[in-house]
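Observations on the model geometry
Here are the chains, one letter per residue:
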Amino acid sequence: MKQTDYEKNSQIFKALSHPIRLQMVDVLLDDECCVTDVMNALAISQSTSFQHLNILKNIGIVYPEKHGTRTCYIVNNELVKEIVAILKREK
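In what follows, the accompanying structure is described. In this text, all values refer to a predicted model and were calculated from it rather than measured experimentally.

1. Focus on the pattern of salt bridges
One pass over the structure, following the stated rule, counts three salt bridges. Here Asp37 makes a salt bridge to Arg70, at a shortest N to O gap of 3.3 Å. On the criterion of sequence distance, the pair formed by Asp37 in helix H3 (residues 35-42) and Arg70 in strand E3 (residues 70-75) is long-range, its members being 33 residues apart. Taking the relative accessible area as the measure of exposure, Arg70 reaches 41% and is therefore partly exposed. Linking Glu78 and Lys81 is a salt bridge whose minimum nitrogen-to-oxygen distance equals 3.2 Å. You can see Glu78 and its partner Lys81 sitting in helix H5 (residues 78-89), three residues apart, about one turn around the helix. Assessed through its relative accessible area of 29%, Lys81 is described here as partly exposed.

2. Section: the side chain of Asn77
Structurally, the position occupied by Asn77 is in the loop between E3 and H5. Here the side chain of Asn77 touches Leu79 through a polar contact of 3.0 Å, landing on its backbone nitrogen. A distance of 3.0 Å separates a polar atom in the side chain of Asn77 from the backbone nitrogen of Val80. Contacts of Asn77, omitting those with residues within four sequence positions, involve Ile12, Gly60 and Ile61.

3. Some words on the nonpolar core
If you look at the biggest cluster of nonpolar residues, it comprises 22 residues, and the most contacted ones within it are Val25, Leu28, Ile61 and Val80. Among the secondary structure elements, those contributing two or more residues to this core are helix H1 (3-16), helix H2 (19-30), H3, helix H4 (46-59), E3 and H5. Among the elements that line this core, the one with the most residues is H3, at four residues. Beyond its immediate stretch of four places on either side in the chain, Val80 contacts Ile12, Leu16, Val25, Ile61 and Val75.

4. Things to note about the sheet that holds E3
One open sheet accounts for three strands, arranged E1-E3-E2; its pairing is antiparallel. Sheet topology places strand E1 (33-34) and strand E2 (62-67) at the edges, where each strand pairs with a single neighbour. The sheet contact formed by E1 and E3 spans two bridges and is antiparallel. What sits directly across from Cys34, in E3, is Cys72.

What counts and what doesn't
Residues numbered from 1 in each chain as written. Predicted model: local features only at pLDDT ≥ 70, side-chain atom pairs only at ≥ 80, totals over all residues. Heavy atoms only, no water. Salt bridge = Lys/Arg side-chain N within 4 Å of Asp/Glu carboxyl O. Helix = DSSP H or I, 4+ residues; strand = E, 2+ residues; numbered from the N terminus. Buried < 20%, exposed > 50% of the residue type's maximum accessible area, 1.4 Å probe, protein only. Polar contact = N/O pair within 3.5 Å; in protein donor to acceptor, adjacent residues only side chain to side chain. Contact = heavy atoms within 4.5 Å. Core = buried A, V, L, I, M, F, W, Y, C linked by side-chain atoms within 4.5 Å. Pairing = 2+ DSSP bridges.

Printed below as a string of C-alpha cells:
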C-alpha cells in the first residue's frame, strides 16, 4: 500500500471509532436514510446527526443524495461495508 492509502484508511478507522458514527453506518447500510430517519433510529438530536453525517461525508464513507426537499445518505465505501460486515460476524 502507498502512504496515502494508510492515511486514508486511518481516517476511515478514526471516523468509525465513534459509536454513533459506527451505528449510523450500520443503519445506512440497511437502507438510505434522511437525517430525520437517522435521528429517530439513533434517538439523537438533529445537530448531532448533522455533525456526525458531515464527518462521514467528508471522509468519503457516505454521500448525500437529494430526493426533492429531502437529503438522503448512502454508504458508498466498499471497505467500510466490509469492515461493518466483519464486525457483525464477530458478535
